[in-house]
Each structure stands twice: as C-alpha cells, then as structure tokens.
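# Summary of the model geometry
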Amino acid sequence: MTFRCLRSHLARFLTGGLAAFVILLAAMPQTAMAQSIPGLTGGSETAAEGQANANAAEPSMDELIRILENDATRKKLVESLKAAAYKAPSADGAGATAGNADEPGEIVRSLPGRVAEYTRMFIGAIAETVQQVPQYVDLSLDMLSGAGSIDLPNILQAILPVALVAVVVFAILFGARYAERGIFRRLSDRAEHAGPLGKLGYLTASGAIEAFVVVASWACGYLVATLYSGTRPVFSQALFLNAFLLIEMIKVGLSAFVAPNYPSLRLTPFSNRQASYWYFWLSRLISILGYTFLFVAPIVQWASTQAAAAATEFIVAFGSLCLAIGLILKNRGVVRERLKRAREQGDTGFRAFVHAVIGQIWWVLAIMAAIALFVVWLQSPDDGLTFVATATGKSVAAMALGGLVFSVLARMIAHGVKVPQELKYRLPLLERRLNGFVPKLLTVLSFVVVFVVVTYIMDAWALSDFSSWFASAIGQRYAASLIGALLIVVIAVAIYLGVSSWIEYRLNPNYGSVPTARERTLLSLFRNAFTITLVVVISMLVLSQIGIDIAPLLAGAGVVGLAIGFGAQKFVQDIITGAFIQIQNAMNEGDVVELNGVSGVVEQLTVRSVGLRTVDGTWYLIPFSSVDQVANFSKDFAYYVADVGVAYRENVEDVKAMMIDAFEELKTTNVGENLISGFDMWGVNELADSAVVVRGRVMTKPGTQWGVGRAYREIVKRMSDERGIEIPFPHMTVWFGEDRGGKAPPIRLRNEPSPKPKIVEAEPAEPQSPAKDRDMTQHGTSEADGKPIPPDATDIDSAGGGRG
C-alpha cells in the first residue's frame, strides 16, 4: 500500500468524521440543544419567571433535606412514593389508551412505535425552530441596538496600556518562529525517512517547541506588563495575555494537525496547497473570534456598556458566520470530488456510496450547522457561548487526535512488520505470520479509535451519555470483558507464533542439527494438534470472558462428540490407526512406501491420512483406516537383486565372471556411493523356458536400489555384447504352409529401389546442465532437489520381496 493510499484512507476517516459531526449539528433541533445547555432557555420563559421558580424551589429543597434526615419521616416518604407509583387497573383504561392518539401508551414501547414517536418529536422541534425565526431576528436587532453606545475614546484609552505588551509579545513570537525554522527543517529531514512512530515523535517534538515559544512569549509579555504597572498587569493587559496564550496554543494544535510548512512532518492527507489554505483561514477565524470574545468585548463592556459589548460580539460573530459560509461555498466542489473519489475509482462498497451521497449535500449540512451554532449563541450569549466553544473544542481536538492515531495505525498497517535479515534467515515464515496478524489487530484498534472519537463527540454535544455508562458497573463489566477477550486472543496468537517459530527453527536444516524424517513427521503432527487444541481452548476462554456460560457448551460438546463418535466411526478408526502407525514408526515424510498397491513418496502425514506422490506425479490421499499393510522401501537399507538370463549354450562361469566384473565397474561410477556391501553371487536361480537365470545381490542405501539396478543393467548389456554372451529374447517362426509334395510355395518379394538417403550435417551438441548430468549419472535415484524418485510397477521385483 502506497502513501497515497494511506492518505486516501485517512481522508475517508476525516471527511466521514467531519460529515457525521456536521450532520449531528445540523439535525439537532435548537430546542433540544437548548435543553442540554445550562442556562439556555427559550423565548417563552423570561428571566423573571426563571428567578421566581428558583426562589420557589429553595424552600422545597430545604424541606426535603429535613425529611430525609429523620428516619420516621423518611420511611413515610418512601411509603408515599410506593403508593403513588402503584396505579390500580381500571376497566376503561385500555380503551382510553387505545382511543387517545396523543398518548400512545404501550405501543410506543415497540421499535416502530419509538421510531414514530422520535420522528414526531423531530418534526415538531423543527417546526418550533422555524416559528422562532422572527424571535431570532428581534434578538439580533436588540443586540445591534447597543452599537450606538460604543465609546471609542474610552475604549482606546483602555487598550493603550496593551500596545507595548502586544508589540513585545508578537515581536518575540515572530522572532522565535523565524529562528526555529532551522530546527524544524532538520526535524523534517529526519522525519522524511522515519517510520510512523518516529514521524509522530518528530511531530510531537515540533509541537512542543512551538508551545514553548508561545509560553515564552507570554511570559515575556507578562514581565513587561509587570514592569509597566510596577506591581502587576492591569485589567486590559491581563485580558490580552490570557487571550494570547489560549488562542496561540489552539493554533499550535492546528499547526501540528495540518503541518502547513513541513510536509515531511504531516500525518494528515492534505496536500501542501490544502494545508496552507486551511491553516490560513482557520487560524484567522480563530484569532478573530478569540480576541473578540476574550479581549475586545470585555474591554468594550468595561469602557462602555454591556449593550455595546453585545453589539461588538454580534457584529464579529455574524461576520465570522458569513466568512464560514463563504469558505464552505467556495470549497464545496473540492470536498465533493474528494468524497466521490472512491466511488469514481470503481469502489462499490457501502462506505463509498455514503461518502458519494454526503459529497452532494455536505455543504448544505455544513451551512446549517454553522447557522445552528450561531443561533445557539444568539439565544444565550453567555452560557451558549461557553457550551458551543467547549463542545467545538472537544470535537475538534478529538477528531484531530483520532485522525492522528488513525494515520499512524494506517501507516503501520501499510508498512507491515519487518524482521531482521538474520532472524528472517533462521525463521523464513515468521515475517509472513506476523504480517498476517499484526495488520488485523491494528485494524481492530482503528475501529476502536473511531468508536471512541464518535462517542466522545456525542457526549461533548450532550447527544448521549456514554461516559456515565462506562463509569457504571455494567459499562465497566462490558469494557473489562471485551478488553480481557482481546488480551486473551493476543496472548494466544503470541503463543502460536512462538510455538510455530520454534518448530520452524527445528525443521530448518541450515541451523542446528539436521532434522531426521522422524522429527519432521512428529513436529508436523504436533503443530497440527497444537493448533487445534489452542483454537478450542482460546474459544472457550473468550466466550467465558465475555460472560457466556461455557458449562452447557461443554455438556453439549460431549453429547455432540458422542454422536459424532457413533456416526463417524471411520474417522475415529483413521485417527487410531494413524496413531499406532506413528508409534511404530512405520513411515515418515520423504519415505518411499507402497500402500494399497500405490507406490510413492510420502509428502503429507496427518492424524487421519497420508498423501503419496507417485512417479508420474499423481497425488493420492489414503486414509489410515484403509491401510492393511505398509511396505517401506526407505527403511534402514535396501537390496538390489540382479537376475541375468542367458542362453542355455552359455557357460555359467563366464556369466558369473561377467556379473562380478560389471559390479566392480559399477563401484567406480557415481552410483557407487550408494553401495553398502559387496556383490553376493548366488548362482543359477532358475532354469526357465528359454533362459538360465543367474542371480546376485548387493546391499544399497534405502531408496537408491532402483538407480543402482538401472546402472548395473547398462553395464551388463554392454559387457555381454563385448564377450559374445547371448541374452535370449522371444523368437517367432513364420510358417508359409506346403503343397502335397512337401514343398513350400515360393515367397514373392517386391524389389523397389530405395531412395538415396539425405545427408544431414550433425549439429553441435549443446552442453548439458548439471541437473541433466545428475539425472543421467544417478539413473533416476533422486530429483534435482534431493527428493527420492519412487519406483513404478516395472521397478518392483516381486521375486525379490519388493526390494529389487
């Protein structure tokens, strides 16, 4: 996966998260949001009514406290609450419930009823919001009416002590940022070739440097303000310094998120142009809103009136709203193409479809969300501003941090796990196993990150209460169960990787002792049995960890096992027979065996079957239950039985001498290393119909007897031709019949001139490869990679007990 793919994945995460955030804000009714914001009320209730209600509630609270402090009165209160909670059934209760459409009763408890109720509430809230539009216009005009009370001379007089502090603070800030370019350039060069975690470390270091510069500038400004006033900074200077520290720290976080000037430090999927563009406008918007609400508006209120400060806040907030809407409209095409990119590239998944749909309407939802935030602030400038600012800050921080973690995880998934070359040479399959597990684990963690970010944002906007649920006993139990199950799976995979790597190391002939065929067979069987056992045990532990009682499962498994035992007797027989075959060491991987009339090399051994590869490449799978006997041609040693048939007129002693001379020559060839003993001459073994069979025998290494026999027969054929010893072969007599006088009829032969043969120049022989030379000199004993070649039907001599 390339870095472009990584950026595409992260872009989907960020755009999907932003779209979800925008949809939540746009779809949330203003009245519902107002209920979740402390101090935010609708237009129907005045401040006087709220104060009256608060005053009326105080005696009731004191009276409730006195009742709860007394045991007798507390007991009577509990009894009264129980009596009030019980409602006697009435005869017309059902009919009244069924007949009243405004009180749906029990039908709302069903899923369709709840959906209908929520839909009705949502539409009603939207209608109520639309009806309150004139009220919002009146609020805006009321806030603007205070613009005439702005006292500019007093405001300038109040801001004047801030001028020197502001010049010093921004001079130090800009100077330090100019000086830190060299440090950032070196960090960027190092991060260019670093991994995901290394790049995150360099990004964190750059953010820490920027934060230190901001704090140092703030401290210098505080020192200058203290020296200016003689004791401590005045009110306006303190407001400016606090606003500067908060706003610049927010911009430091924004700079770390988009990294506009150093692409090598950027973990988000922004191009250089996009990063610079969005950082420019967002930082300006943060500065305008921040300095207005944290510095300018309090100064205006202090130097003029509350109405003048409200008018200032409204003008800046409305201008920021217009600026945000302008940015949304200007970039609606860019974001739309970004969201539709996966769909246009052929992705037909559900996520690509959702992104394409959101890409068409995202700008409408974003404008609605911006207007919703403005209206919430307009309804309650004090508490509403605090709620919106806090929720927005939490949402942006959560999405930034979640996007950063998601980007790091995506890059780790793309890069995979790299093991050192030495360890890779020892354990060739370790890297592949790690890359088969670690990316899946990181993918699960990515989904967890997305879930945490979404729930945190919903809690920040008071749309849900996941934090309280996680803090409850049931939430902690579920979270602990899931974390415990995940840890069990991780530990199980680690154990599997450790055992598999150890088995792989033992089977690697390049390190340690070369494994025998017996070790290869037992280790392969152990790996299979261990894997099955581990999967069963871990499955039971995971089910038990997440709260599922495994006792009935174990009982059911016993019953199912008993049923399978009766219904799969053949399967059980395969396993038992295979176990005894392995205990007796009847065969191992790489042996040449004959099972049920099939001869081949053992390529696979499991608990219930054996896989054979014949000389023509056919692969047979033979269950152990069908194996009546095992003929192993690779056990300890082998014999080649040489039967040479000669004519009856030949001298037997000459034939024996020829066979011994042929064996002496055989020892000098390449197959001589496979000979274990000398040549045992047995003599005349059979007086057949047309030949005298002379037999001899030689001991060879297991599995090489067929190659030795081919080489020996070649030498015998050549020597018999040289010495004039006839090797008989079947003759055919053609009888043409005879007449009454005993004479045979003449044979008519047709004499046709034969064509002159064409003289073809011989082409120079191509040099043979070492593999071809090896095949010719070894006479089909083994493959080029050293694997034995199994015999066919003509190689196996039944008279020699299956060993000739």
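Residues numbered from 1 in each chain as written. Predicted model: local features only at pLDDT ≥ 70, side-chain atom pairs only at ≥ 80, totals over all residues. Heavy atoms only, no water.

## Side note on the sheet that holds strand 7 (residues 680–687)
Strand order in the open sheet made by the 3 strands is 6-8-7, with antiparallel pairing throughout. The open sheet terminates on both sides in strands that have one partner only, identified here as strand 6 (638–646) and strand 7. Put simply, the sheet's adjacent strands are angled 25 degrees from each other on average, direction ignored. Alignment of strand 7 against strand 8 (residues 692–700), held across 6 bridges, turns out to be antiparallel. Bridging across to strand 8, Met-681 finds its partner in Gly-696. Sitting on the sheet, helix 24 (residues 652–667) is in contact with strand 6, strand 7 and strand 8, with an inclination near 25 degrees to strand 8. (Pairing = 2+ DSSP bridges. Helix = DSSP H or I, 4+ residues; strand = E, 2+ residues; numbered from the N terminus. Axes fitted to C-alpha atoms, helices over the stretch in contact; angles between N-to-C directions. Contact = heavy atoms within 4.5 Å.)

## Brief notes about the environment of Leu-409
Tracing the backbone shows Leu-409 in helix 16 (residues 383–415). Discounting chain neighbours no more than four positions away, the residues touching Leu-409 are Leu-442, Leu-445, Ser-446 and Val-449.

## A short note on the pattern of salt bridges
Scanning the entire structure with this criterion turns up 12 salt bridges. The residue Glu-726 makes a salt bridge to Arg-649 at a minimum N-O spacing of 2.9 Å. Separated by 77 residues along the polypeptide, Glu-726 in the loop between helix 25 (705–723) and helix 26 (770–778) and Arg-649 in the loop between strand 6 and helix 24 bring together distant segments of the chain. For Arg-649, a relative accessible area of 62% gives the class exposed. Residue Glu-664 is joined to Lys-667 by a salt bridge in which the shortest nitrogen-to-oxygen separation is 3.1 Å. (Salt bridge = Lys/Arg side-chain N within 4 Å of Asp/Glu carboxyl O. Buried < 20%, exposed > 50% of the residue type's maximum accessible area, 1.4 Å probe, protein only.)

## Let's talk about the nonpolar core
In this structure, Phe-240 and Phe-295 are the most contacted members of the largest nonpolar core, which totals 25 residues. Elements that contribute at least two residues to this core include exactly helix 8 (152–179), helix 10 (196–229), helix 11 (235–258), helix 12 (272–303) and helix 13 (306–330). Sequence-distant contacts of Phe-295, defined by excluding residues within four places in its chain, comprise Val-162, Ser-236, Leu-239, Phe-240, Ala-243 and Gly-290. Ranked by size, the runner-up nonpolar core spans 23 residues in total, among them Ala-662, Phe-663, Leu-675 and Ile-725. (Core = buried A, V, L, I, M, F, W, Y, C linked by side-chain atoms within 4.5 Å.)

## Observations concerning the packing of aromatic side chains
In the structure shown here, the tally under the stated rule is 21 aromatic pairs. Three or more aromatic residues link up through ring pairs in this structure, and these residues are Phe-170, Phe-174, Phe-240, Phe-244, Tyr-291 and Phe-295. Looking at Arg-332, its charged tip hangs above the ring of Trp-363, at a distance of 4.9 Å from the centre. (Phe/Tyr/Trp six-rings, centres within 6.5 Å; stacked < 30°, edge-to-face > 60°. Lys NZ or Arg CZ within 6 Å of the ring centre and 35° of its normal.)

## Some points on the pairing of strand 3 (residues 609–613)
The element strand 3 is extensively covered by neighbouring structure, given that 4 of its 5 residues are classed as buried. Sheet topology note: the strand 2 (residues 598–605)/strand 3 ladder contains 4 bridges and is antiparallel. Along strand 3, the bridge assignment pairs Leu-605 with Val-610. Sheet analysis places strand 3 next to strand 4 (residues 619–623), joined by 5 bridges and oriented antiparallel. Bridge pairing links Leu-612 to Tyr-620 in strand 4. Between strand 3 and strand 4, which pair antiparallel in sequence order, lie 5 residues; one of them, Gly-617, sits at a positive phi of approximately 90 degrees.

## Brief notes about helix 24
In this model helix 24 runs 23 Å from its N-terminal to its C-terminal C-alpha over 16 residues, within 8% of the 22 Å that 1.5 Å per residue would give. Among the residues of helix 24, those classed as buried are Val-655, Met-658, Met-659, Ala-662, Phe-663 and Leu-666. Viewed end-on, helix 24 has its buried residues packed into an arc of 140 degrees, placing them on one side of the element. Packed against the buried residues of helix 24 are strand 6, strand 7, strand 8 and helix 25. (Expected span 1.5 Å × (residues − 1). Arc of directions from axis to C-beta.)

## Considerations on the packing of helix 11 against helix 12
Viewed as axis vectors pointing N to C, helix 11 and helix 12 meet at an angle of 165 degrees, and their least axial separation amounts to 10 Å. By the angle between their directions, the pair helix 11 and helix 12 is classed as roughly antiparallel. Considering the relative orientation of helix 11 and helix 12, their crossing is right-handed. For the contact of helix 11 with helix 12, the residue count by class is 20 nonpolar, 5 polar and 2 charged. (Parallel < 35°, antiparallel > 145°, perpendicular 65-115°, else oblique. Left-handed = near helix turned anticlockwise from the far one by under 90°. Nonpolar A, V, L, I, M, F, W, Y, C, P; charged D, E, K, R; others polar.)

## Here's the deal with the sheet that holds strand 4
Taken together, the 5 strands give an open sheet; going across it, the order is 4-3-2-1-5, and neighbouring strands pair in antiparallel fashion. A single partner strand is all that each edge strand has here, and the edge strands are strand 4 and strand 5 (630–632). Sheet twist, expressed as the average angle between the axes of neighbouring strands with direction ignored, equals 40 degrees.

## So, the pairing of strand 6
Most of strand 6 is tucked away: 7 of the 9 residues are buried. Two strands pair when backbone bridges link them, and strand 6 and strand 8 are joined in this way by 9 bridges, in the antiparallel orientation. By the bridge assignment for strand 8, Val-641 is matched with Arg-697.

## Overview of the confidence of the model for the chain
Residue-level pLDDT values for the chain average 76, and 76% of them are 70 or greater. Low confidence marks residues 1–59, where pLDDT is under 50. Its contacts with residues over four positions away, or in another chain, come to 96 contacts. Counting interchain partners and residues more than four positions distant, the pLDDT-below-50 stretch residues 86–109 has 11 contacts. (pLDDT = per-residue confidence, 0-100.)

## Some remarks on the side chain of Thr-312
With respect to the helices and strands, Thr-312 occurs in helix 13. Apart from the residues within four sequence positions on either side, Thr-312 is in contact with Ile-150, Thr-292, Val-296 and Val-300.

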